[in-house]
Amino acid sequence: SQRTGETGCWITANAVLEPLPQAEIFWHLDTYPTLAAAQAARGPRGTVVDSLGAVWLLTVDVAGWRAAGGARVAEIGPLPVKADARYSAQYMEAVFTPGMTAPAHRHSGPEAWYTLAGETCLETPEGKMVGRAGGSHVIVPGGPPMHLTATGTQTRRALVLILHDSTQPATTPAHDWVPKGLCRN
């Protein structure tokens, strides 16, 4: 992990994935008691990270895919992917206090997050989406610009997946778009 402080957003892993199956694709999150146990259960599109106080096996695969052992935490999707694209997964952990924002940016593939605590509002040209702990998950397709704001009253703690085209950067600045401020706290 590149974590350098108490708040911010840090890359925990990058992985080039094997070709995706020709079916709806989901992000599977499972926890394990040890890194060794998670590594033993890791499949061809799985990545193990130690993040936000747990050992995670993060896997991109079809609906209903299950890892051996571990505890299933979430299955997020379907993710809007292109059948002919090759993907890489960039995993991140994010800890934002209410009011913190990320600069306007875009991704070359879908972004999804799993919120463990707090609340996040994501504005795109189409409107806003809110992700909450225990609530609905936010999934944004690749391409449109976005602006993220931690909202609510609790510190937002989340795991993030950027499933990006392997031939392009995961994230690029979106200097050509100005958010309307739909996510003001």
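Worth saying up front: this structure is predicted, and the values here are computed from it rather than measured.

Taken together, the 5 strands give an open sheet; going across it, the order is β1-β6-β13-β8-β11, and neighbouring strands pair in antiparallel fashion. If you trace the sheet from one side to the other, it starts and ends with β1 (8-16) and β11 (138-140), each paired once. Pairs of neighbouring strands in the sheet enclose a mean axial angle of 15°, with direction left out of account. Across 8 bridges, β1 lies against strand β6 (residues 87-96) in antiparallel orientation. Each residue of the ladder has a partner; that of G8, found in β6, is V95.

This paragraph deals with the layout of surface pockets. Rolling a probe over the atoms, with the probe sized like a water molecule, indicates the empty space that remains. Of the voids in this model, the largest pocket is the one considered here, and its volume is about 240 Å³. Forming the boundary of the largest pocket are 18 residues, of which C9, A102, H105, H107 and T171 lie nearest the centre. Contributions of two or more residues to the lining of the largest pocket are made by β6, β7 (105-107), β8 (111-117), β13 (156-165) and β14 (171-173). Considering only residue class, the lining of the largest pocket consists of 12 nonpolar, 4 polar and 2 charged. Size it by volume and the second largest pocket reaches roughly 170 Å³. The residue inventory of the lining of the second largest pocket, partitioned by class, reads 6 nonpolar, 6 polar and 2 charged.

Strands sit in the order β10-β9-β12 across an open sheet of 3 strands; the sheet is antiparallel. In this open sheet, the two edge strands, each paired with only one partner strand, are β10 (127-132) and β12 (147-151). For this sheet, the mean inter-axis angle between neighbouring strands, taken without regard to orientation, is 20°. The sheet contact formed by strand β9 (residues 119-124) and β12 spans 5 bridges and is antiparallel. Bridge assignment links C121 to a residue of β12, and that residue is T149.

Among the 6 residues that make up β9, 6 are buried, leaving the element largely enclosed by the rest of the structure. By the alternation rule, side chains of β9 split into E119, C121 and E123 and T120, L122 and T124, which are all buried. Counted between consecutive antiparallel strands, the loop separating β9 from β10 contains 2 residues.

Reading guide: rules and limits
- Residues numbered from 1 in each chain as written.
- Predicted model: local features only at pLDDT ≥ 70, side-chain atom pairs only at ≥ 80, totals over all residues.
- Heavy atoms only, no water.
- Pairing = 2+ DSSP bridges.
- Helix = DSSP H or I, 4+ residues; strand = E, 2+ residues; numbered from the N terminus.
- Axes fitted to C-alpha atoms, helices over the stretch in contact; angles between N-to-C directions.
- 1 Å grid on protein atoms, 1.4 Å probe; cavity = no way out; pocket = protein on both sides within 12 Å on 5 of 7 lines; lining within 4 Å.
- Points joined across faces, edges and corners; volume = space filled by probe spheres on them.
- Nonpolar A, V, L, I, M, F, W, Y, C, P; charged D, E, K, R; others polar.
- Buried < 20%, exposed > 50% of the residue type's maximum accessible area, 1.4 Å probe, protein only.

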